[in-house]
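If you want the building blocks of each chain, they are given just below.
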Amino acid sequence: MNDSPIIQARGVAKRFGDFEALVTLDLEVRKGQCVGLLGPNGAGKSTFIGCLYGVVARTGGDLEVFGLDPAKQARDIKRRIGVVPQENALDDGLTVLENMRIYASFSELSRKTADPRIAELLSYMMLEAKRDATIKTLSGGMKRRLAFVRALLADPELLILDEPTTGLDPSVRHLLWEKVIELRDKGKTVLVTTHYMHEAEVLCDQIVILDRGKVVGTGAPRELIEREAPGFVGIFQPHTDEAIKPHLDPSWVLFHQGRQCCVRAPRFDDLLELQRASGHTALQMRPANLEDVYLKLTGSELNDDE
Amino acid sequence: MNDRLPSLRLSWQVVVRNWMVYRKDFLANISPTLADPALILGSLGMGLSGYVGRIDDMSYAQFLAPGMIATTALFTAFFESSYGFYVRMTFESVFKAMLTTPIGVNEVVTGEFMWVFVRAGLMGLGVSLVLLVLGLLPNPLAILICPLIAGILALPCAAIGLLASAWVRNINQFQTVYSFLIAPIFYLSGVFFPVPSNSFLGHLVQWSPFYHGVKLIQFSVWGKVDWSAALWHAGLLGFFTIALCGLSFRFIGRKLTT
């Protein structure tokens, strides 16, 4: 029983009129895993998250969260999840404590249970000094940490994070990563959407890459890199294609990131050799990472509708 | 199945939330709903009394008085569920966060109705007390009945606001709803002049839940009850309440979930 997945999606689809936000999505999240949903804006990440707790009604496929169907048992699911939505949606005029008390009551916690829990979580997120401050006096990073506190109030089994660190400075981002890893290590299951590939690499055991409503790649971060974009990447100045091309081995890959000309080769030495032969020094040489996989699978160009 | 009690409890938490936000700006929030009726009574009631003569053996101020309780209910309900709800829904994303908790769309909408009921009831009580002090409440029992009628009357008025929230494409369009629906309802539903029963207007206002609320409040404030008429008005007010509230559950549901 313990081994049954927390989230099980098979062919989940969502259609808005003529537009297919989700064409087909298969995904499995097991207890204690941290799974990352990556994909360009409009790929269907938030639509899928909405399907998980019933605010988006899927138009096809099978979906179970804790073995329950979100279309029918949303409340039972919502009692066991905590969500950090894209917008914080905190009440600006109220204090930190008032906001958390309201949400504790929404999560059906009594005041007696809620208050110590709020105090504990505020200190966990290093906000205890802000308990009586109004929301409008908080910085963006503090508000985000408070959204985490809110999501954790009911001690959820599954934590859903929708772009948790977008727009935050690196120190807050690192703090939140640390907390997410801690929570996962304590046995929480985490589903996170992000545009930061590094974030996904740091946090996730499993990655699902979506593009235009379909899964285009899935696997552990290292596994995905080894499979889709193994080796080392050299990034050269724009307009160096012609100079570089004659020296490429057929097995190497030439591609572009923005205007920069990039080459992926199996060994680091290959790139050194390429520099020497072409007479162009690379701006950067590094092991291939998730970003290379992402750009390869979703197409490095912007979607037409972006 | 046996989800009704937790559901009601959650709806009540929506009321508590709204109250906590409301009380932060209590004076600014409460003053317009009290100022409007006071202004109408002061200017029209006192100002016109001498010119208008007597209506049903009452001064114009006495005639106008019960309508003020109904007016408070109408404006409290409409503005709360149009501008207020729309801002919560669109600009503050309140429901996006709320709906991640065990609260569902039905609890959100029920909570909004409960909130409007309580607020309009209390405002109705406040205005009744003012009328009492001004000597415009000949039937003191009305203090008990009018807040209840005001609360119920607020429900269909709030439903109109919620339906508008579901249908408008931007916040400015509420002005149109106000000008072409709420204002005519307000001016033509028997608050300012007795609606002749066999006129075109007399037939038209039967479709206005506000009219029926006004009549019921007038009956209780004046202490002159025509029971068969009261039953008719109560029945129609009940009908419009159920129909409009039902519709708003449906359309707000579609707005908050996809």
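About the criteria used
- In this numbering scheme, every chain counts its residues from 1 along its sequence in written order.
- The naming scheme follows written order: chains are lettered A onward, ligands numbered 1 onward.
- Reporting of local features is limited, given that this is a predicted model, to residues whose pLDDT is at least 70; pairs of side-chain atoms are given and counted only at 80 or more, and all residues count toward the totals for whole chains, interfaces and linings.
- In this text, helices come from DSSP runs of H or I with a minimum length of four residues, and strands from runs of E with a minimum of two, each type numbered from the N-terminal end.
- The exposure scheme places C-beta atoms from the backbone and then counts, for each residue, the other C-beta atoms within 10 Å of its own, assigning buried at 20 or more, exposed at 12 or fewer, and partly exposed in between.
- Note that contacts rest on C-beta atoms placed from the backbone: two residues are in contact if these are within 7 Å.
- Residues were grouped as follows: Ala, Val, Leu, Ile, Met, Phe, Trp, Tyr, Cys and Pro as nonpolar; Asp, Glu, Lys and Arg as charged; and all remaining residues, including Gly, as polar.
- At least two bridges found by DSSP between two strands are what make those strands a pair.
- Buried Ala, Val, Leu, Ile, Met, Phe, Trp, Tyr and Cys residues whose C-beta atoms connect them within 7 Å together make up a nonpolar core.
- Domain start and stop positions are those given by an automatic or database domain assignment.
- Each residue carries a pLDDT score, the predictor's own confidence in it, on a scale running from 0 to 100.
- Helix span, expected: 1.5 Å multiplied by one less than the number of residues in the helix.
- Lines fitted to C-alpha atoms define the axes, with helix axes restricted to the stretch in contact, and inter-axis angles between N-to-C directions lie between 0 and 180 degrees.
- Orientation is classified from the angle alone, with under 35 degrees giving roughly parallel, over 145 giving roughly antiparallel, 65 to 115 giving roughly perpendicular, and any other angle giving oblique.
- Note on convention: near helix rotated counterclockwise from far helix by under a right angle means a left-handed crossing. Clockwise means right-handed.

K.L.:
How would you explain the overall build of chain A if you had to name every residue and give the values?
P.N.:
If you tally the helices and strands in chain A, you get 11 helices and 13 strands. If one aligns the C-alpha atoms of chain A with their principal axes, the spans along those axes are about 70 × 45 × 35 Å. Expressed as a percentage of its 306 residues, the buried residues of chain A come to 42%. Pairs at least 24 residues apart make up 69% of the contacts formed inside chain A by residues separated by at least 6 positions.

K.L.:
Quick one: what's the story with the interface of chain A and chain B, residue by residue and with numbers?
P.N.:
Of the residues lining the interface, 23 residues belong to chain A; the matching set on chain B comes to 22 residues. The element contributing the most residues to the side of chain A that touches chain B is helix H3 (residues 96-106) of chain A, with five residues. Residues belonging to the side of chain A that touches chain B are distributed by class as follows: 13 nonpolar, three polar and seven charged.

K.L.:
Explain the pairing of strand S1 (residues 7-16) of chain A residue by residue, including any values.
P.N.:
Residues and elements named next belong to chain A. In terms of strand pairing, S1 meets strand S2 (residues 19-29) through seven bridges, oriented antiparallel. Paired with Gln8 across the strands is Glu28, a residue of S2. Hairpin connection between S1 and S2: a loop of two residues separates the two successive antiparallel strands, and Gly17 in this loop has a positive phi of roughly 60°. Here S1 runs beside strand S4 (residues 60-65); their pairing, made up of five bridges, is antiparallel. Bridged to Ala13 within S4 is Gly60.

K.L.:
A description of the nonpolar core should follow, citing residues and the corresponding values.
P.N.:
Judged by nonpolar contacts, the single largest core of 153 residues is most densely connected at Ala70(B), Ala73(B), Ala150(B), Leu153(B), Ala154(B) and Cys157(B). In terms of domain composition, this core takes at least three residues from each of domain 1 (7-224) and domain 2 (231-287) of chain A.

K.L.:
Help me get a handle on the confidence of the model for chain A, residues and values and all.
P.N.:
In this model, chain A carries an average pLDDT of 92, and 97% of its residues clear a pLDDT of 70 or more. The low-confidence segment residues 301-306 of chain A (pLDDT under 50) makes four contacts with residues lying over four places distant or belonging to another chain.

K.L.:
Tell me about helix H10 (residues 227-256) of chain B, and name the residues and values.
P.N.:
Between its first and last C-alpha, H10(B) extends 42 Å over 30 residues, near the 44 Å set by a 1.5 Å rise per residue. Buried within H10(B) we find His233(B), Leu237(B), Phe240(B), Thr241(B), Ser248(B) and Ile252(B).

K.L.:
An account of the packing of helix H5 (residues 105-133) of chain B against helix H6 (residues 142-167) of chain B is requested, with residue identities and associated values reported.
P.N.:
All names here are of chain B. It is at 7 Å that the axes of H5 and H6 come closest, and there the two elements cross at 140°. One way to sum up the angle between H5 and H6 is to call them oblique. Handedness of the H5/H6 crossing: right-handed. Contact residues: Glu112, Phe113, Val116, Phe117, Ala120, Gly121, Met123, Gly124, Leu125, Ser128 and Leu132 in H5; Ala142, Ile143, Cys146, Pro147, Leu148, Ala150, Gly151, Ala154, Leu155, Ala158 and Leu162 in H6.

K.L.:
Residues and numbers for the packing of helix H8 (residues 221-228) of chain A against helix H11 (residues 290-298) of chain A, please.
P.N.:
Residue and element names in this part refer to chain A. Contact geometry for H8 and H11: axes closest at 9 Å, N-to-C directions at 60°. For the element pair H8 / H11, the angle class is oblique. Like other packed secondary-structure pairs, H8 and H11 cross with a definite hand, here left-handed. On the side of H8, the interface is formed by Pro221, Leu224, Ile225 and Glu228, while H11 contributes Leu290, Val293, Lys296 and Leu297. Per-class residue counts for the contact of H8 with H11 are six nonpolar, no polar and two charged.

K.L.:
How would you summarise helix H9 (residues 209-222) of chain B if you had to cite specific residues and measurements?
P.N.:
Residue and element names in this part refer to chain B. End to end, H9 covers 20 Å across 14 residues, agreeing with the expected 20 Å (1.5 Å per residue, within 8%). With 13 of its 14 residues buried, H9 lies for the most part within the structure. Directly after H9, the chain includes Gly223, whose backbone phi takes a positive value near 70°.

K.L.:
Quick rundown of the sheet that holds strand S11 (residues 253-257) of chain A? Include the residues and the values.
P.N.:
All names here are of chain A. If you walk across this open sheet you meet the four strands as S11-S12-S10-S13, and the pairing is antiparallel. Two strands close off the open sheet at either side, each with one partner strand: S11 and strand S13 (284-287). The sheet shows a mean angle of 25° between the axes of neighbouring strands, direction not considered. Where strand S10 (residues 232-236) meets S13, four bridges bridge the pair, whose relative direction is antiparallel. Considered in S13, the bridge of Gly234 is made with Met285.

K.L.:
Describe the pairing of strand S3 (residues 34-38) of chain A, naming the residues involved and giving the relevant values.
P.N.:
All names here are of chain A. Judged by how many residues are buried, S3 sits mostly within the fold: five of five residues are covered. Sheet topology places S3 next to strand S7 (residues 189-194); five bridges connect them, and they run parallel. Residue pairing in the sheet places Leu37 in a bridge with Thr193 of S7. Pairing geometry for S3 and strand S8 (residues 206-211), over four bridges, is parallel. Within the sheet, the bridge partner assigned to Leu37 lies in S8 and is Val208.

K.L.:
Quick one: what's the story with the confidence of the model for chain B, residue by residue and with numbers?
P.N.:
Per-residue confidence for chain B averages 93 on the pLDDT scale, and 99% of its residues sit at or above 70. Under the prediction, the complex receives an ipTM of 0.89, its pTM being 0.90.

K.L.:
Which residues make up the environment of Arg15(A), and what values do they have?
P.N.:
Locating Arg15(A) in the fold gives a position in strand S1. Remark: the alpha-carbon pair of Arg15(A) and Thr59(A), spanning 44 residues in sequence, is separated by 6.2 Å.

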